[in-house]
Amino acid sequence: MSDISVAAKVETEGSEDIVVLDVVSITVTIVRNNLKENERAGPVVSQAFPFVKYEKFYVYLTDMTDTNIFSFLLFDKSDREQKETIKFQAPPNMIGDIVMKVHVFSDSYIDSHPTTEVRFTIKKESNTREFTSYHEEDVKREPTLFEQVMSGMNEANSDDDLEEDETKETTEAFESQKAKAKISDEEESEEKE
């Protein structure tokens with residue numbers, strides 16, 4: 001059986017405050033306490049698995065009543081310490097102090113089910129944030145996917161036109177070489193006579 005500990009840290013990019021519709025990141029860390037630094041867990045030893053199987057952990061982010069699952073992760077490495085990040089958008093109906101649970105389930109052992117609580121506050125608006133507006137001319141406009149496809153088709157058409165021009169030039173050059181060769185053959189035959 002695994003001896004694991006779980007930790008979770010909440011953060012959002014660019015600000016300390018979490019405001020409605022921000023992307024909230026919860027970094028979940030699982031540490032296998034029975035392993036030393038730089039050690040990896042071996043395969044599971046059980047009659048239920050008559051093949052080589054390594055333990056995986058399923059992590060669920062739920063509300064305090066465990067009725068709603070907000071997100072989940074799969075930890076499938078055998079390292080001593082693993083970190084993964086759950087990202088979700090702060091819903092507009094959850095304003096105030098929020099408490100969520102992080103559940104960790106082992107896919108190999110029944111009684112390995114640690115949980116931890118995550119506490120954070122979602123604000124309706126932030127007074128500390130500064131929003132900068134950009135003038136339309138200041139923002140570099142990237143072509144849309146449609147524009148990229150159309151420009152690619154135009155380039156393909158221009159390539160076809162170039163190929164046609166090259167074919168015409170090659171044909172003309174061949175015809176002129178052929179005409180020169182014919183004239184030189186006629187001159188040679190006249191000289192022989």
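Residues numbered from 1 in each chain as written. Predicted model: local features only at pLDDT ≥ 70, side-chain atom pairs only at ≥ 80, totals over all residues. Heavy atoms only, no water.

(A) Fine view of the overall build of the protein. In terms of regular secondary structure, the protein is built from one helix and eight strands. Listed by position from the N terminus, the elements making up the protein come as β-β-β-β-β-β-β-β-α. Looking at the protein residue by residue over its 193 residues, the buried ones come to 28%. Counting only contacts in the protein whose residues sit at least 6 apart along the sequence, the fraction spanning at least 24 positions is 65%. Per element, the accessible surface of the protein, about 14,500 Å² overall, is 50% carbon and sulfur. (Helix = DSSP H or I, 4+ residues; strand = E, 2+ residues; numbered from the N terminus. Buried < 20%, exposed > 50% of the residue type's maximum accessible area, 1.4 Å probe, protein only. Contact = heavy atoms within 4.5 Å. Areas by Shrake-Rupley, 256 points an atom, 1.4 Å probe, with all protein chains shown as cover.)

(B) Summary view of the pattern of salt bridges. Tallying each qualifying case throughout the model produces nine salt bridges. A salt bridge links Glu 11 to Lys 9; its shortest N-O distance comes to 4.0 Å. Glu 55 is the salt-bridge partner of Arg 32, the closest N and O atoms lying 3.4 Å from each other. A residue pair is termed long-range when its members are at least 10 positions apart, and Arg 32 in strand β3 (residues 23-32) and Glu 55 in the loop between β3 and β4 (57-63) qualify at 23 residues. Neither residue differs from the other here; Arg 32 and Glu 55 are each classed as buried. (Salt bridge = Lys/Arg side-chain N within 4 Å of Asp/Glu carboxyl O.)

(C) Representation of the environment of Val 10. Counting through the fold element by element, Val 10 comes out in strand β1 (residues 4-12). Sequence separation between Val 10 and Lys 87 is 77 residues; the distance between their C-alpha atoms is 9.9 Å. Discounting residues that sit within four places of it in the chain, Val 10 has contacts with Ile 18, Val 24, Ser 25, Ile 26, Val 118 and Phe 120.

(D) Quick look at the sheet that holds strand β2 (residues 18-19). Strand order in this open sheet of five strands is β2-β8-β7-β4-β5, and the pairing throughout is mixed. Looking along the sheet, the strands with just one partner apiece sit at the ends: β2 and β5 (69-75). In this sheet, strand β7 (residues 96-106) lies alongside β4 in antiparallel orientation, the contact comprising seven bridges. Residue Phe 57 lies in a different strand from β7, and its bridge partner there is Ser 106. (Pairing = 2+ DSSP bridges.)

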